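Here is what each chain is made of, one letter per residue.
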Amino acid sequence: MTQTMFVQPSTELNLTLTLERKLDLAEGVVELKFKARSTLPPWEPGSHIDLLLGPDLARQYSLCSDPQDRRHLSVAVLREPASRGGSEFVHDRLEEGQAIQVRGPRNNFPLHEDAPYSVLVAGGIGITPILCMARRLKAHDFALVTLVHELPNLIREYHLIDHVAAIREQSDYVVFAS
């Protein structure tokens, strides 16, 4: 089913993307991989997009894809039991092949690559932008200290263990705390 979602007026960049893949990462967590019709604007780790899901229903999600991939954007969405409509809509109504309006990307959570070292702290689904930042730092051979404030089992449930293992092998410190 191909259907265009609600378009909300804005002075920011609005994009129409197609939901290429909707993947269950874990119970209550889906990854949405959107494909652009043309080259996407550049973005940096820590950036987010707004999914425009309907009238008065716009939700921000951190990008967790590779900033070098200028044809795709990915986000991971946790189903919130007390959802105000966003995560419920994403989990129950968004379908592969569907066109959706997206605003952004923009970055209110920039990575400071000029810092002498970095401490990255995350909890829950908040690991997604942190992994993107960690990959960027390691790609540029920065010293890295990562603190993942989660139980390792949760990381495995989110299918992020391979990403965390790769960072752990190359990092100065990776600490798991519960």
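As a starting point, this report considers the structure included with it. (Residues numbered from 1 in each chain as written. Predicted model: local features only at pLDDT ≥ 70, side-chain atom pairs only at ≥ 80, totals over all residues. Heavy atoms only, no water.)

1. Remarks on the overall build of the protein chain
The number of helices and strands found in the protein chain is four helices and nine strands. Each helix and strand of the protein chain, ordered N terminal to C terminal, gives the series β-β-β-β-β-α-β-β-α-β-α-α-β. Burial status across the protein chain gives 46% buried among its 178 residues. Contacts spanning at least 24 positions in sequence make up 71% of the contacts within the protein chain whose residues lie at least 6 apart. As displayed, the protein chain offers around 9,400 Å² of accessible surface, 50% of which is attributable to carbon and sulfur atoms. (Helix = DSSP H or I, 4+ residues; strand = E, 2+ residues; numbered from the N terminus. Buried < 20%, exposed > 50% of the residue type's maximum accessible area, 1.4 Å probe, protein only. Contact = heavy atoms within 4.5 Å. Areas by Shrake-Rupley, 256 points an atom, 1.4 Å probe, with all protein chains shown as cover.)

2. Some details on a nonpolar patch on the surface
On the surface, a cluster of nonpolar side chains totalling about 310 Å² of accessible area is made up of Tyr117, Val119 and Val121. Note that Val119 resides in strand β7 (residues 119–122). (Patch = residues over 30% accessible without salt bridge, like charges linked within 9 Å, V, L, I, M, F, W, Y side chains within 5 Å. Salt bridge = Lys/Arg side-chain N within 4 Å of Asp/Glu carboxyl O.)

3. Overview of helix α2 (residues 127–139)
Because each turn of an α-helix spans 3.6 residues, side chains separated by three or four positions in sequence point in the same direction. Counted at 1.5 Å a residue, the expected span for α2 with its 13 residues is 18 Å, and the 18 Å between its end C-alpha atoms agrees. Counting buried residues in α2 gives eleven out of 13 residues, a clear majority hidden from the surface. (Expected span 1.5 Å × (residues − 1).)

4. What to know about unusual backbone geometry
Cis geometry marks the peptide bond from Gly104 to Pro105, where omega comes out at 0°. Topologically, Pro105 is positioned in strand β6 (residues 99–106). For Asp56, which is not glycine, the phi torsion reads 60° and is therefore positive.

5. Focus on the pairing of strand β4 (residues 57–62)
Across the two faces of β4 the burial differs, with Leu57, Arg59 and Tyr61 buried and Ala58, Gln60 and Ser62 not buried at all. Two elements, strand β3 (residues 48–54) and β4, share six bridges in a ladder whose sense is antiparallel. Within β4, the residue paired with Ile49 across the bridge is Tyr61. Linking β3 to β4, which pair antiparallel, is a turn of two residues; within it Asp56 sits at a positive phi near 60°. (Pairing = 2+ DSSP bridges.)

6. Some words on the nonpolar core
Among the nonpolar cores identified, the biggest contains 24 residues, and Leu17, Leu32, Phe34, Leu51, Val75 and Val90 are the most heavily contacted of them. Secondary structure elements with two or more residues in this core: β1 (14–26), β2 (29–35), β3, β4, β5 (72–78), α1 (86–92) and β6. If sequence neighbours within four positions are ignored, Phe34 has contacts with Leu17, Thr18, Leu19, Glu20, Leu51, Arg71, His72, Leu73, Val75 and Ile100. Core analysis: the next-biggest nonpolar cluster, separate from the first, contains nine residues, Leu111, Leu120, Ile130 and Ala134 among them. (Core = buried A, V, L, I, M, F, W, Y, C linked by side-chain atoms within 4.5 Å.)

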